[in-house]
Amino acid sequence: MELISMAQEAAAHAPAAAAGVTGSIATGIGAGSAAIGVGLIGSKAVEAVGRNPGAFGNILTLGIIAMALAEGLGILSFILGK
């Protein structure tokens, strides 16, 4: 009898454990995507300044805004994944 009740208890907690794993995977994908986005934005900003050094201020401003948006999505994935 005790074995059956233990199995029923484990089955009741299985969906919560699966949700935790799924949330962790989604958080990892979101954080990795944000990191890739920030890297691409930075590399393209450096290329743009190399082509047109006079536009440094505008490129820096747009790059910082774009990186903040990408990081915001990464933080959002942490919040929603848990």
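Residues numbered from 1 in each chain as written. Predicted model: local features only at pLDDT ≥ 70, side-chain atom pairs only at ≥ 80, totals over all residues. Heavy atoms only, no water.

> I tried to follow the side chain of T27 on my own but got confused; where do I start?
Checked against the element boundaries, T27 lands in helix 1 (residues 2–51). Here the side chain of T27 touches S77 through a polar contact of 3.4 Å, landing on its backbone oxygen. (Helix = DSSP H or I, 4+ residues; strand = E, 2+ residues; numbered from the N terminus. Polar contact = N/O pair within 3.5 Å; in protein donor to acceptor, adjacent residues only side chain to side chain.)

> Looking at this structure, I do not really get the environment of G28. What am I missing?
With respect to the secondary-structure elements, G28 resides in helix 1. Given the relative accessible area of 42%, G28 is considered partly exposed. Here the alpha-carbon distance between G28 and G81, two residues 53 residues apart in the chain, equals 8.9 Å. (Buried < 20%, exposed > 50% of the residue type's maximum accessible area, 1.4 Å probe, protein only.)

> How do you make sense of the environment of G72 when you look at a structure like this?
With respect to the secondary-structure elements, G72 resides in helix 2 (residues 56–81). Taking the relative accessible area as the measure of exposure, G72 reaches 33% and is therefore partly exposed. Once the C-alpha coordinates of G72 and A31 are considered, the two residues, 41 residues apart in sequence, prove to be 10.0 Å apart.

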